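Take a look at the letters that make up each chain.
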Amino acid sequence: MTEVVAALIWDKNRFLACQRPENKARGLLWEFVGGKVEHGESFPQALIRECKEELDVTISVGDVFMEVTHEYPDLTVHLTLFHAKIVQGTPKMLEHNDIRWITPEEIDQYDFCPADVVILEKLKAEYTK
């Protein structure tokens with residue numbers, strides 16, 4: 001099983017969604033910023049590194065929002081989504097095809113990775129009016 005961390009980053013009532021590069025597995029699907037935990041890293045360390053590599057931002061990692069295990073045809077991921085805040089920098093597209101700030105009400109307009117579906121349902125339930 002592959003350990004994956006991701007960040008739920010808010011800007012007022014919108015959260016950051018990132019579109020995967022076309023040439024990667026699940027290309028052009030939307031996701032939360034993050035990635036695989038490397039050997040010897042804590043989950044927060046991995047998330048801080050991934051946000052720096054992918055968006056050129058420094059984040060502070062908060063509490064866990066949700067954990068999900070999902071089986072893709074090519075791998076099984078255990079995804080831990082953390083609340084996070086940007087403490088330095090403005091998100092840049094260093095790896096993604098696109099990045100957008102979206103509201104929970106707009107989630108259904110985006111095609112997210114299957115592992116994120118359960119998380120998105122919780123987001124809609126907790127944050128839509």
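Being a predicted model, the structure only gives us computed values, none of them experimental.

J.: Is there a simple way to think about the overall build of the chain in this case?
T.: For the chain, the helix and strand inventory stands at two helices and seven strands. When its helices and strands are written in sequence order, the chain yields β-β-β-β-α-β-β-β-α. Its C-alpha atoms give the chain principal-axis dimensions of about 40 × 35 × 30 Å. In the chain, buried positions account for 46% of the 129 residues. In the chain, once contacts between residues fewer than 6 apart in sequence are set aside, the share between residues at least 24 apart is 67%. When the accessible surface of the chain is split by element, carbon and sulfur atoms take 48% of a total near 6900 Å². For the chain, the centre of its 14 positive side-chain charges and the centre of its 23 negative side-chain charges are spaced 5 Å apart.

J.: Quick question: what am I supposed to make of the pattern of salt bridges here?
T.: Oppositely charged side chains can pair when the atoms bearing their charge come close. The tally for this structure, following the rule as stated, stands at 14 salt bridges. Between R20 and E31 there is a salt bridge, with its nearest N and O atoms 3.0 Å apart. With R20 in the loop between strand 2 (14-19) and strand 3 (30-31) and E31 in strand 3, the pair connects residues that are eleven residues apart, well separated along the chain. Each member of the pair R20 and E31 is classed as buried. Where R49 meets E53, a salt bridge forms, and the shortest distance between an N and an O atom there is 3.3 Å. Taken together, the residues R49 and E53, both in helix 1 (residues 43-55) and four residues apart, mark about one turn of the helix. According to the relative accessible area criterion, E53 is partly exposed, its value standing at 38%. Each of E38, E41, R49, E50 and E53 takes part in salt bridges that share partners, so that together they form one network.

J.: Explain the pairing of strand 1 (residues 2-11) to me, please; I cannot follow it from the model alone.
T.: Every other side chain in a regular strand lies on the same face of the sheet, so the side chains alternate between the two faces. Across eight bridges, strand 1 lies against strand 6 (residues 76-88) in parallel orientation. Of the residues in strand 6, the one forming a bridge with I9 is A84. Judged from the three bridges that link them, strand 1 and strand 4 (residues 34-36) form a sheet pairing that is antiparallel. Each residue of the ladder has a partner; that of V4, found in strand 4, is K36. Sheet topology places strand 1 next to strand 2; two bridges connect them, and they run antiparallel. Bridge pairing in strand 2 places D11 opposite R14. Connecting strand 1 to the next strand, strand 2, in antiparallel fashion are two residues, including K12 with a positive phi near 60 degrees.

J.: Looking at this model, I keep getting lost on the layout of surface pockets. Mind explaining?
T.: If you roll a probe as big as a water molecule over the atoms, it shows you where there is empty space left. Approximately 580 Å³ is the volume found for the largest pocket. Looking at the largest pocket, it is lined by 27 residues, and the ones nearest its centre are V4, R20, E31, G35 and K36. Sorting the residues of the lining of the largest pocket by element identifies strand 1, strand 4, helix 1 and strand 6 as the ones contributing at least two each. For the lining of the largest pocket, the element with the highest residue contribution is strand 1, accounting for four residues. In terms of residue class, the lining of the largest pocket is built from twelve nonpolar, four polar and eleven charged.

Scoring rules and cut-offs
- Residues numbered from 1 in each chain as written.
- Predicted model: local features only at pLDDT ≥ 70, side-chain atom pairs only at ≥ 80, totals over all residues.
- Heavy atoms only, no water.
- Helix = DSSP H or I, 4+ residues; strand = E, 2+ residues; numbered from the N terminus.
- Buried < 20%, exposed > 50% of the residue type's maximum accessible area, 1.4 Å probe, protein only.
- Contact = heavy atoms within 4.5 Å.
- Areas by Shrake-Rupley, 256 points an atom, 1.4 Å probe, with all protein chains shown as cover.
- Lys, Arg positive; Asp, Glu negative; His and termini not counted.
- Charge placed at Lys NZ, Arg CZ, Asp CG, Glu CD.
- Salt bridge = Lys/Arg side-chain N within 4 Å of Asp/Glu carboxyl O.
- Pairing = 2+ DSSP bridges.
- 1 Å grid on protein atoms, 1.4 Å probe; cavity = no way out; pocket = protein on both sides within 12 Å on 5 of 7 lines; lining within 4 Å.
- Points joined across faces, edges and corners; volume = space filled by probe spheres on them.
- Nonpolar A, V, L, I, M, F, W, Y, C, P; charged D, E, K, R; others polar.

The analysis is restricted to geometry; functional conclusions fall outside its scope.
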